[in-house]
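Results of the structural survey
In case you want the letters, here they are:
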Amino acid sequence: MVFLESQSKDHRESHHHFLAAKPKGEIMLMNNQCWVKGSLFEVVKYGFPSIQWVLDSSKRWQVATLESTSMMWDLLNQVHQNRWLFGYLGYDVKNAIERLESSHFSLNNAPDLWFMEPEILLKYTPENDEMVVGEDNRQTSEVGATEWILGDKTIMKSSLTQL
């Protein structure tokens, strides 16, 4: 699950919060290996038929060694077409953008890049971010508008109750 919260009230583009859940496809980069699964694998396989993919030991991910890490940008360009993607770019992605190299010891096994295509996506637009004091002196925030962009509401309710 990914939650993006807009916090700059004065910025013209900072008026919505997004909740993306239940990945139906994922893509990640670790060193020079690309890992893809679910809905995004078919897209990458179609767009790059010459790449040789191998099923990993968990039998969940398709893995390929890229000729160069800069090739990842071509893969991302292919998968983001007409899709919602949520994720992050790690610090070491700079090595694929510029001619840089990190020689520091990695403190974790986090991917350099990870994105997912959600099955469930909500957009929340706060109508008023100010706190309101009710008659019983309790503070509550004004209710905003929630828009279901992707997914079935019943699936979302059952997913949230499992958390």
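Read on for an overview of the structure.

The rules we used
- Residues numbered from 1 in each chain as written.
- Predicted model: local features only at pLDDT ≥ 70, side-chain atom pairs only at ≥ 80, totals over all residues.
- Heavy atoms only, no water.
- Salt bridge = Lys/Arg side-chain N within 4 Å of Asp/Glu carboxyl O.
- Helix = DSSP H or I, 4+ residues; strand = E, 2+ residues; numbered from the N terminus.
- Buried < 20%, exposed > 50% of the residue type's maximum accessible area, 1.4 Å probe, protein only.
- Polar contact = N/O pair within 3.5 Å; in protein donor to acceptor, adjacent residues only side chain to side chain.
- Contact = heavy atoms within 4.5 Å.
- Phe/Tyr/Trp six-rings, centres within 6.5 Å; stacked < 30°, edge-to-face > 60°.

What follows deals with the pattern of salt bridges. Following the criterion strictly, the structure yields four salt bridges and no others. Here Lys 37 and Glu 26 are joined by a salt bridge, their closest N and O atoms 3.3 Å apart. A residue pair is termed long-range when its members are at least 10 positions apart, and Lys 37 in strand β3 (residues 33–38) and Glu 26 in strand β2 (residues 17–30) qualify at eleven residues. Residue Lys 37 shares its accessibility class with Glu 26, and that shared class is buried. Residues participating in the shared-partner salt-bridge network are Lys 24, Arg 83 and Glu 117.

Right, let's talk about the side chain of Glu 26 for a bit. Classification of Glu 26 by relative accessible area gives buried; the value is 13%. Engagement of the side chain of Glu 26 in a polar contact is seen with the side chain of Trp 114, the distance being 2.9 Å. Once residues within four sequence positions are removed from consideration, Glu 26 is found in contact with Trp 35, Val 36, Lys 37, Leu 40, Trp 61, Trp 114, Phe 115 and Met 116.

Our focus in this paragraph is the packing of aromatic side chains. Enumeration according to the criterion identifies six aromatic pairs in this entry. Plain terms: the ring middles of Phe 18 and Trp 84 are 5.6 Å apart, the flat faces sit at 45 degrees to each other, and that makes the pair tilted. Separated by 66 residues along the polypeptide, Phe 18 in strand β2 and Trp 84 in the loop between α2 (71–79) and β6 (86–89) bring together distant segments of the chain. Given the relative accessible area of 16%, Phe 18 is considered buried. On the accessibility criterion, Trp 84 (37% relative accessible area) is partly exposed.

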